[in-house]
Structure formats: structure tokens, C-alpha cells
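Given next are the chains, with one letter for each unit.
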Amino acid sequence: MAKDPKFTAREIAQMGWYTARMAKRGIASQTVHLGDLQKKVDRIIDGAREREQQQAADQAAADKAARKARARNVKK
């Protein structure tokens, strides 16, 4: 399994809410379907992973631009 990303406060709250709803449904009946809530939690996790990848790509692009700018300044 892949490493879990860092979650925002909103994502943590949403996952907590969905987990509580799953627990409530589980108390009501052992045969109840939880797939819809599990999919929502999975989407939150996938979204957090995508956000981290995008942030890493943005940071790499910013670092590259900074190196280019420093190289131009050194030549002058």
C-alpha cells in the first residue's frame, strides 16, 4: 500500500464524519452496505495524493526557475 499523504483539516473531518456514519450503519445491521461511504473516503485519500503530487511538481518547477534566475544573475 502506498504511503498515506498529509491530510488537510477538512479531509480529516470528512473522513471522520464518513467513518462515524459507517459505524452507525454497522450498529444498525451487520448486513448493511457500506460501499458508498467507503468510496467517498477512498476519493478523499486519492484527492490528497493528487494534491501532494501537484504541490511537489509546482515546487520542483519553482526551484528550477529560481536556479535559472540565479544562473542568469551570476553571468552578468
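Model, not experiment: these values are computed from the prediction.

## Considering the overall build of the protein chain
Then, in step 1: Counting its regular elements, the protein chain contains two helices and zero strands.
Then, in step 2: Across its three principal directions, the C-alpha atoms of the protein chain cover 75 × 20 × 15 Å.
Then, in step 3: With 76 residues in all, the protein chain has 14% of them scored as buried.
Then, in step 4: For the protein chain, long-range pairs separated by at least 24 residues make up 57% of all intrachain contacts whose partners lie at least 6 apart in sequence.

## Comments concerning the nonpolar core
Then, in step 1: Of all hydrophobic cores here, the largest spans seven residues; its members are M15, Y18, M22, L37, V41, I44 and I45.
Then, in step 2: For this core, the secondary-structure elements that each account for two or more residues are α1 (9-28) and α2 (35-75).
Then, in step 3: Among the elements that make up this core, the one with the highest residue count is α2 (four residues).
Then, in step 4: Discounting chain neighbours no more than four positions away, the residues touching L37 are Y18, R21, M22 and R25.

## Points about the pattern of salt bridges
Then, in step 1: Evaluation of the coordinates by the stated rule reveals four salt bridges.
Then, in step 2: R49 is the partner of D4 in a salt bridge, and the nearest nitrogen-oxygen pair spans 3.5 Å. Of this pair, D4 sits in the segment before α1 while R49 sits in helix α2, placing them 45 residues apart in sequence.
Then, in step 3: Since its relative accessible area comes to 42%, D4 is described here as partly exposed.
Then, in step 4: Through salt bridges with shared partners, one network takes in D4, D46 and R49.

## A few points about a positive patch on the surface
Then, in step 1: Among the surface-exposed residues, K64, R67, K68, R70 and R72 lie close enough to one another that they form a single positively charged patch.
Then, in step 2: With respect to the helices and strands, R72 occurs in helix α2.

## A few points about α1
Then, in step 1: Between its first and last C-alpha, α1 extends 29 Å over 20 residues, near the 28 Å set by a 1.5 Å rise per residue.
Then, in step 2: Taken residue by residue, α1 has E11, M15, Y18 and M22 as its buried positions. Within α1, the buried residues cover an arc of 65° as seen down the axis, which keeps them to one side. Exposed residues lying more than 90 degrees from the buried face of α1 are A9, R10, I12, W17, K24, I27 and A28.

Parameters at a glance
- Residues numbered from 1 in each chain as written.
- Predicted model: local features only at pLDDT ≥ 70, side-chain atom pairs only at ≥ 80, totals over all residues.
- Heavy atoms only, no water.
- Helix = DSSP H or I, 4+ residues; strand = E, 2+ residues; numbered from the N terminus.
- Buried < 20%, exposed > 50% of the residue type's maximum accessible area, 1.4 Å probe, protein only.
- Contact = heavy atoms within 4.5 Å.
- Core = buried A, V, L, I, M, F, W, Y, C linked by side-chain atoms within 4.5 Å.
- Salt bridge = Lys/Arg side-chain N within 4 Å of Asp/Glu carboxyl O.
- Patch = residues over 30% accessible without salt bridge, like charges linked within 9 Å, V, L, I, M, F, W, Y side chains within 5 Å.
- Areas by Shrake-Rupley, 256 points an atom, 1.4 Å probe, with all protein chains shown as cover.
- Lys, Arg positive; Asp, Glu negative; His and termini not counted.
- Charge placed at Lys NZ, Arg CZ, Asp CG, Glu CD.
- Expected span 1.5 Å × (residues − 1).
- Arc of directions from axis to C-beta.

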